[in-house]
Amino acid sequence: QVQLVESGGGLVQTGGSLRLSCAASGRTFSIWRMGWFRQAPGKEREFVATITQSAGSSYYGDSVKGRFTISRDNPKNTVYLQMNSLKPEDTAVYYCAADTRSNSDRYSPKGYDYWGQGTQVTVSL
């Protein structure tokens, strides 16, 4: 089992920045990649970014490329999402996810088998 706890959400003005953190515990050695998804009211869960634990290869959703950066600190079992130039359309609950299976779809929520509880990010005009 893997447990994930997000932190760092909040309210920010348009153009501002936030950094989300996701701390993993439990069987962290089994994690292949960790990712961030977000879900706004009435919308499907959307891929934001993902990073592999070993090589640190990262991938981003089109809507956040150039503005968001995912990084990891393996000794701390923590993944970060630095969000810059935030827009109102970035408002959502952000979820951290972990994949322990290695051959799943990195862009789909189905590709991850553990999830955090989510943290709210609200970007005001």
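Look a little higher up for the structure.
Residues numbered from 1 in each chain as written. Predicted model: local features only at pLDDT ≥ 70, side-chain atom pairs only at ≥ 80, totals over all residues. Heavy atoms only, no water.

Novice: Could you give me a rundown of the overall build of the protein, with the residues and numbers involved?
Specialist: When you go through the protein residue by residue, the secondary structure sums to zero helices and 11 strands. In sequence order, the secondary structure elements of the protein are arranged as β-β-β-β-β-β-β-β-β-β-β. In summary, the protein has a C-alpha radius of gyration of 13 Å against a globular reference of 14 Å for 125 residues, a match within 12%. Principal-axis analysis of the C-alpha atoms places the extent of the protein at approximately 40 × 25 × 25 Å. Here the protein, with 125 residues, has 44% of them falling under the buried criterion. (Helix = DSSP H or I, 4+ residues; strand = E, 2+ residues; numbered from the N terminus. Rg over C-alpha atoms; globule rule 2.2 N^0.38 Å. Buried < 20%, exposed > 50% of the residue type's maximum accessible area, 1.4 Å probe, protein only.)

Novice: Summarise the packing of aromatic side chains; cite the residues concerned and give the values.
Specialist: In this description, an aromatic ring pair is defined by two values, namely the gap between the centres and the angle between the planes. Following the criterion strictly, the structure yields seven aromatic pairs and no others. Here a set of aromatic residues connected by ring pairs shows up, and it is made of Phe37, Phe47, Tyr59, Tyr95, Tyr107, Tyr112 and Trp115. Sitting above the plane of the Tyr95 ring, Arg45 keeps its charged end 3.8 Å from the centroid. Directly above the ring of Trp115 sits Arg45, whose terminal nitrogen or CZ lies 4.8 Å from the centroid. (Phe/Tyr/Trp six-rings, centres within 6.5 Å; stacked < 30°, edge-to-face > 60°. Lys NZ or Arg CZ within 6 Å of the ring centre and 35° of its normal.)

Novice: Got a sec to walk through the side chain of Thr52? Specific residues and values, please.
Specialist: By the element assignment, Thr52 lies in strand 5 (residues 46-52). Given a relative accessible area of 11%, Thr52 falls into the buried group. Polar side-chain contacts of Thr52 include one of 2.9 Å to the backbone nitrogen of Ser57. Ignoring sequence-local partners within four residues, the contact set of Thr52 consists of Trp32, Arg33, Ser57 and Arg72. (Polar contact = N/O pair within 3.5 Å; in protein donor to acceptor, adjacent residues only side chain to side chain. Contact = heavy atoms within 4.5 Å.)

Novice: I'd like a description of the state of the cysteines, backed by residues and values.
Specialist: The tally for this structure, following the rule as stated, stands at one disulfide. Here Cys22 connects covalently by a disulfide to Cys96, the sulfurs 2.0 Å from one another. Across the S-S bond of Cys22 and Cys96 the torsion is about -80°, and the bridge reads as left-handed. Here the residue Cys22 occupies a position in strand 3 (residues 18-26), and Cys96 occupies one in strand 9 (residues 92-99), the gap between them amounting to 74 residues. Take Cys96: its relative accessible area is 0%, and that puts it in the buried class. (Disulfide = S-S within 2.5 Å.)

Novice: Summarise the pattern of salt bridges; cite the residues concerned and give the values.
Specialist: Using the criterion set out here, one finds seven salt bridges in the structure. With its nearest N and O atoms 3.9 Å apart, the salt bridge here joins Arg101 to Asp113. You can see Arg101 sitting in the loop between strand 9 and strand 10 (114-115) and its partner Asp113 sitting in the loop between strand 9 and strand 10, a full 12 residues away along the chain. Note on Asp113: relative accessible area 29%, which makes it partly exposed. If you follow the salt bridges from partner to partner, you end up with Arg33, Asp99, Arg101 and Asp113 in one network. (Salt bridge = Lys/Arg side-chain N within 4 Å of Asp/Glu carboxyl O.)

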